[in-house]
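In case you want the letters, here they are:
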Amino acid sequence: MAMLSIENLEVYYGAINAIKGISFDVEQGEIIALIGANGAGKTTILHTITGLVGAKRGSIMFGGKDLTKTSAHKIVSMGMAHVPEGRRVFAQLTVYENLMLGAYTRKDKAEIAESLETVFKRFPRLEERRTQSAGTLSGGEQQMLAMGRALMSKPSIILMDEPSMGLSPLYVSEIFDIIQEINKSGTTVLLVEQNAKKALSIANRAYVLETGKIVLSGDAKDLMNDDSVKKAYLGE
Amino acid sequence: MMSFVSYLVNGISLGSIYALIALGYTMVYGIAKMLNFAHGDIIMVGGFTVFTAMSTAWCPVWLSVVIGIVVCTVLGVVIEKVAYKPLRSAPPLAVLITAIGVSYLLQNLALLIFGSAAQNFTSIVAGMPPFLTVLDGQAPLFFATAPSGSKAILTISMETFLSIVVSLVIMIALTLFINKTKAGKAMLAVAEDKGAAQLMGINVNGTISLTFAIGSALAAAASVLMCSSYPQISPYTGSMPGIKAFVAAVFGGIGSIPGAMIGGVLLGVIEQLSKAYISSQLSDAIVFLVLIIVLVVRPTGILGKKINEKV
């Protein structure tokens with residue numbers, strides 16, 4: 001059985017039908033990319049999975065539970081973390097405080113300290129800046145903080161929304177390397193990206209979204225060579 | 001000189017009470033992004049609860065105070081659940097009008113039960129000697145009644161002293177709670193970004209309830225101190241201090257906890273000094289004038305932060 005299974009999901013914003021009956025699966029250990037243009041509904045899907053937005057119809061099965069019927073704050077402790085679009089770090093709080101909020105649902109102090117060490121090993125820059133308030137970090141550093149914060153909950157799956165947005169090309173490559181590393185260390189990744197080229201280059205499988213519907217899906221490598229994808233998303 | 005000290009101390013004492021009330025305004029604003037105009041009336045409810053409890057023969061003072069705090073805490077949480085929570089995604093104006101409605105509801109309920117005449121509140125430290133008495137040319141007396149016939153040049157009442165000490169202890173405790181505990185950190189996170197806080201696994205509704213509970217408990221404490229210092233209570237007791245505390249919160253920077261503390265104390269001092277040296281009728285006008293000047297110079301208040309959003 002798939003780790004995360006979305007069935008006939010429909011989401012409305014008022015009268016506007018943003019997601020029009022979408023189904024897809026994420027298997028354990030995969031990197032799955034959702035690609036598509038602005039307004040295709042990528043972020044809405046992630047928001048619906050982690051309960052920031054309610055679903056009208058359909059189910060989101062994860063860990064034997066339907067997430068559409070689970071309160072948002074209970075989802076983290078089920079092993080799912082979400083790195084939101086625009087990073088949304090707590091600007092007034094320090095780097096350290098942000099990371100500890102990532103471990104909010106965990107109790108064991110020794111394990112939390114261990115996770116903190118792992119995060120600092122992966123993002124040495126965060127350790128250098130641990131007492132600095134998050135608002136003073138650069139965009140790339142904030143992205144690292146948002147990812148580190150998500151890792152602090154020790155998730156089995158991590159949802160990432162536009163991690164490359166607004167970053168310099170150098171940071172983009174670094175962030176994608178880190179996503180691959182995170183995946184290699186055993187965390188499943190569901191990645192939403194406008195940078196389709198980068199996303200397809202690291203993903204196992206991908207789904208292409210257009211105005212709330214999946215129009216194409218398959219192996220990331222195949223999609224990269226697909227003519228329509230090339231034309232619409234890869235700028236070739 | 002001694003009279004100035006006396007005005008100043010009284011101002012700080014009154015200001016600490018404003019600060020306690022202002023903390024409720026500012027915390028609720030910071031976290032629920034709403035102005036809870038019923039907050040002032042929570043003070044009145046607290047006052048009447050303690051008043052009623054103390055007038056029954058069997059209830060000792062300390063227990064009356066505890067009952068007052070419990071009643072206000074529960075009331076604050078219930079008001080939030082019943083009146084404000086259903087409007088979480090409504091326009092701010094709807095929430096504001098609801099808050100004003102709750103305020104009138106509480107006032108009119110009090111009118112119905114207690115009538116409109118002001119009643120005499122017995123100070124919770126009634127019968128105790130003043131905290132400090134300075135007699136001309138003698139060493140100051142602490143916690144002692146001056147011998148009859150002697151003339152004191154400075155007296156600081158027990159109520160004044162108690163207001164300052166209790167407020168100080170509460171503010172220190174609150175600061176520690178917010179900065180050192182997990183629940184406090186969760187409050188800061190919710191204040192900054194509800195969605196992101198939810199993604200951390202923080203129960204946003206629970207955190208908002210907790211904020212209302214703390215704010216209302218502080219209002220209850222303020223009501224006891226205020227009714228002891230100015231020993232009267234009526235259904236309108238809460239409205240003026242409520243408005244002044246709101247001014248104090250804006251003055252210090254709405255949403256900022258240290259701002260509410262500083263704003264409250266400053267406001268109390270300004271009010272007392274203008275009463276003493278300018279005009280007791282104009283003191284409220286002066287308080288609001290100072291607010292206007294502060295807002296013209298610093299629109300975010302003394303400690304208010306400019307909101308920088310990084311996209």
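What counts, and where the lines are drawn
Residues numbered from 1 in each chain as written. Chains lettered and ligands numbered in written order. Predicted model: local features only at pLDDT ≥ 70, side-chain atom pairs only at ≥ 80, totals over all residues. Heavy atoms only, no water. Axes fitted to C-alpha atoms, helices over the stretch in contact; angles between N-to-C directions. Helix = DSSP H or I, 4+ residues; strand = E, 2+ residues; numbered from the N terminus. Parallel < 35°, antiparallel > 145°, perpendicular 65-115°, else oblique. Left-handed = near helix turned anticlockwise from the far one by under 90°. Contact = heavy atoms within 4.5 Å. Expected span 1.5 Å × (residues − 1). Buried < 20%, exposed > 50% of the residue type's maximum accessible area, 1.4 Å probe, protein only. Patch = residues over 30% accessible without salt bridge, like charges linked within 9 Å, V, L, I, M, F, W, Y side chains within 5 Å. Areas by Shrake-Rupley, 256 points an atom, 1.4 Å probe, with all protein chains shown as cover. Salt bridge = Lys/Arg side-chain N within 4 Å of Asp/Glu carboxyl O. Pairing = 2+ DSSP bridges. Buried area = accessible area lost by both parts, 1.4 Å probe. Polar contact = N/O pair within 3.5 Å; in protein donor to acceptor, adjacent residues only side chain to side chain.

K.L.:
Describe the packing of helix 1 (residues 2-32) of chain B against helix 9 (residues 239-252) of chain B, and please don't skip the residues or the numbers.
P.N.:
Residues and elements named next belong to chain B. Closest axis-to-axis distance for the helix 1/helix 9 pair is 8 Å, and the angle between their directions is 70 degrees. With respect to their mutual orientation, helix 1 and helix 9 come out roughly perpendicular. Relative to helix 9, helix 1 is oriented so that their crossing is right-handed. Across the interface between the two elements, Tyr18, Ile21, Ala22, Tyr25 and Thr26 from helix 1 touch Pro241, Gly242, Lys244, Ala245, Phe246, Ala248 and Ala249 from helix 9.

K.L.:
An account of helix 9 of chain B is needed here, citing residue identities and associated values.
P.N.:
All names here are of chain B. Spanning 14 residues, helix 9 covers 20 Å between terminal C-alpha atoms, matching the ideal 20 Å at 1.5 Å per step. Counting buried residues along helix 9, 11 of its 14 residues qualify, which places the element largely inside the surrounding structure. If you check which residues of helix 9 are buried, you get Pro241, Gly242, Lys244, Ala245, Phe246, Val247, Ala248, Ala249, Val250, Phe251 and Gly252. On its buried face, helix 9 sits against helix 1, helix 2 (39-55), helix 8 (204-229), helix 10 (257-277) and helix 11 (283-297). Two residues or fewer past helix 9, Gly253 is found with a positive phi of approximately 110 degrees.

K.L.:
Summarise a nonpolar patch on the surface; cite the residues concerned and give the values.
P.N.:
A cluster of nonpolar side chains, namely Trp62, Val66, Val70, Val74, Val78 and Val82 of chain B, defines an oily patch on the protein surface of about 580 Å² accessible area. As for its position among the elements, Val66 of chain B is in helix 3 (residues 61-84).

K.L.:
Account for the sheet that holds strand 4 (residues 152-156) of chain B, naming residues and giving values.
P.N.:
All names here are of chain B. In spatial order, the strands read 3-2-4; together these three strands make up an open sheet with antiparallel pairing. Every interior strand has two partners, whereas the edge strands, strand 3 (141-142) and strand 4, have only one. Bridge count for strand 2 (residues 132-135) against strand 4 is four bridges, and the pairing is antiparallel. When the sheet's bridge partners are listed, Thr133 is paired in strand 4 with Thr155. Each of strand 2 and strand 4 is contacted by helix 1, which is oriented at about 10 degrees to strand 4, the strand it contacts most.

K.L.:
Outline the interface of chain B and chain A, supporting the account with residue identities and numerical values.
P.N.:
With 19 residues of chain B at the contact, the number on the chain A side is 27 residues. Taking both sides of the interface into account, the surface hidden between chain B and chain A amounts to around 2100 Å²; carbon and sulfur atoms contribute 62%. In terms of surface lost to chain A, no three residues of chain B exceed Glu192, Leu199 and Met200 of chain B, which account for 34% of the buried area on that side. The interface formed by chain B and chain A includes two salt bridges. In this structure, Asp193 of chain B and Arg88 of chain A form a salt bridge, with 2.8 Å as the shortest nitrogen-oxygen distance. On inspection of chain B and its partner chain A, the count reaches six residue pairs in polar contact (both at pLDDT 80 or more). Every element with two or more residues in the side of chain B that touches chain A is listed here: helix 6 (182-192) and helix 7 (194-199) of chain B. Sort the elements by how many residues they give to the side of chain B that touches chain A and helix 6 of chain B lands first, with six residues.

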